[in-house]
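Below are the chains, spelled out letter by letter.
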Amino acid sequence: MFRSYFHKVLSRSPKSLVFYDIETSGLDPCFDQILQVAAMRTDWTLADSRSPSEHIHMRARRHPWVVPTPEALLTTGVSPQELERGPSGHRVMFLLHEQLGAWAPALHLAYNGARFDELFLSQSFYRAALPPYLTQMNGSTRADVMRIAQALNALDPANVRAGIHEGRLSFRLGAVCDANDVGIDHENAHDALADVLATVALTRRLAEASPFFFAAALSRADKEAVRKALHAPVALRLRTVRGEPDVVAFCSVCSAPSNANAKLCVDLEFDPDDVLREEEDALATRLQAKDKRFLTVRSNAHEMIFSADEPVIADRLMAILVLNQSVEHPYLPLEALHRRALRIRGDAAFALRLSRAAERVRAAWPAPASPDEALYSRGPLARSDNA
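In this report, we go over the structure that sits alongside the text. (Residues numbered from 1 in each chain as written. Predicted model: local features only at pLDDT ≥ 70, side-chain atom pairs only at ≥ 80, totals over all residues. Heavy atoms only, no water.)

### Details of the sheet that holds strand 10 (residues 262–267)
Read across the open sheet, the five strands follow the order 11-10-9-8-12; overall the sheet is antiparallel. Lying at the two open borders of the sheet, with one neighbouring strand each, are strand 11 (294–298) and strand 12 (304–307). Across the sheet, the mean angle separating the axes of adjacent strands is 45° when strand polarity is ignored. Sheet topology note: the strand 8 (residues 235–241)/strand 9 (residues 244–255) ladder contains seven bridges and is antiparallel. Counterpart to Val241 in the pairing with strand 9 is Glu244. The sheet contacts of helix 9 (residues 223–231) involve strand 8, strand 9, strand 10, strand 11 and strand 12, and relative to strand 12 the element is tilted by about 50°. (Pairing = 2+ DSSP bridges. Helix = DSSP H or I, 4+ residues; strand = E, 2+ residues; numbered from the N terminus. Axes fitted to C-alpha atoms, helices over the stretch in contact; angles between N-to-C directions. Contact = heavy atoms within 4.5 Å.)

Structural data, given as structure tokens:
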């Protein structure tokens, strides 16, 4: 079963894989810039290809209005003099956009890409007046290798280990590579090309060490797989918190406002009677305050979302729920979770009130103070999301 599942998932993924990494002037995608980018195309053999037609590596000149943070310069080892050399940042984005477009359709993989690289990439394309969602258009999709490593450590800890950094569990790229016997170039850590090669080598190691769970984690990059899991009465979200696996059992209720790829959900740990009787005003107050009873799940962000009926995987995730139970967070068996989910799903009036409350909260968001912050709110490019 495991081998057939692995090949089934791979057969649904794009045949081309593009690994990429960026180094930036800081941590704010809206106001910092990409200073270095590397990308390499390969296939499911995960061969290390460095032929000119299969990889791209560029450094960009600093925009005149960008002041890099000292931490960024210390991390990347780039000197102030190097920042003033090379093509403009917009030129680099144009060349990168052109190359990624030529490689499409492809599965784009980065390490910690969902929370960092992808945000910078789409924002940088937007500022260069280019279609910003290239990694999600024309048959392409994206995946985060760090989230795959975290999921495999939770689901198959005997074969995939977490790293150690400064005495603590860590999923930094170098630490995870060391823990799983992946030889990498530590002297060039935080160089974009070196990090791409390390990510390729780590991905190869993860696929070899735990093929079934690798395929399961990779399949969550497919929006349809996540949507199918969200359709089940009880879904399970796997994340890593301070190096340890954390599982939340929840059920989806309604679509999030102005985002076809997001669902508003209710955490089944809490008694649903607390919110099912509430009016729209009270629900809006909870959403505004980020009440823990509610969560938003996106199907296009490579979140580890599985149905509670998923063979093998659901058993492992429920076992994590048992291990994580406490007086404040008691364990609920799957039957009790199903009963709560069905009560929520059976209340159409609650779903309507929650949807309207979410619309009100979104309408109250302040308008962007700068055009650089407007990618997700206005403008012709902002509305061109084909994902």
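After that view, the rundown keeps rolling.
### Some details on the nonpolar core
Among the nonpolar cores identified, the biggest contains 80 residues, and Leu202, Leu206, Leu236, Leu238, Leu317, Phe350 and Leu354 are the most heavily contacted of them. The element that contributes the greatest number of residues to this core is helix 7 (residues 192–209), accounting for 10 residues. Residues contacting Leu354, with those up to four places away along its chain left out, are Val253, Cys254, Leu264, Leu283, Leu287 and Phe294. Ranked by size, the runner-up nonpolar core spans 23 residues in total, among them Val37, Phe116, Leu121 and Phe125. (Core = buried A, V, L, I, M, F, W, Y, C linked by side-chain atoms within 4.5 Å. Buried < 20%, exposed > 50% of the residue type's maximum accessible area, 1.4 Å probe, protein only.)

### Let's talk about the pattern of salt bridges
As enumerated under the stated definition, the model contains 15 salt bridges in all. The salt bridge involving Arg286 is made with Asp291; its shortest N-O contact spans 2.6 Å. Just as Arg286 is buried, Asp291 falls in that class too. A salt bridge links Arg293 to Asp291; the nearest nitrogen and oxygen atoms lie 3.2 Å apart. Assigned by exposure class, Arg293 and Asp291 land together as buried. (Salt bridge = Lys/Arg side-chain N within 4 Å of Asp/Glu carboxyl O.)

### Focus: unusual backbone geometry
Of note, the amide linkage connecting Ala104 to Pro105 takes the cis form, showing an omega dihedral of -5°. Residue placement: Pro105 occurs in the loop between helix 3 (89–103) and strand 4 (106–110). Although it is not a glycine, Leu46 sits at a positive phi angle of roughly 55°. Summarising the element assignment, Leu46 is placed in the loop between strand 2 (34–42) and strand 3 (55–59). Taking relative accessible area as the criterion, Leu46 reaches 4% and is therefore assigned buried.

### Quick look at the packing of aromatic side chains
A complete count under the given rule lists two aromatic pairs for this structure. Ring centres of Phe116 and Phe120 lie 5.0 Å apart, and the angle between their planes is 50°; this geometry places the pair in the tilted category. Taken together, the positions of Phe116 and Phe120, both in helix 4 (residues 113–127) and four residues apart, correspond to about one turn of that helix. Owing to a relative accessible area of 0%, Phe120 belongs among the buried residues under this scheme. Seen in terms of ring centroids, Phe212 and Phe213 are 5.0 Å apart; in terms of plane orientation they differ by 80°. Their pairing is edge-to-face. Given the relative accessible area of 4%, Phe213 is considered buried. (Phe/Tyr/Trp six-rings, centres within 6.5 Å; stacked < 30°, edge-to-face > 60°.)

### Quick word on the environment of Phe125
Its location among the elements puts Phe125 in helix 4. The exposure class assigned to Phe125 is buried, which follows from its relative accessible area of 1%. Taking C-alpha positions, Phe125 is 9.3 Å from Leu96, a pair spaced 29 residues apart along the chain. Once residues lying within four places of it in the same chain are set aside, the contact partners of Phe125 are Met93, Leu96, His97, Leu100, Leu130, Pro131, Pro132 and Leu134.

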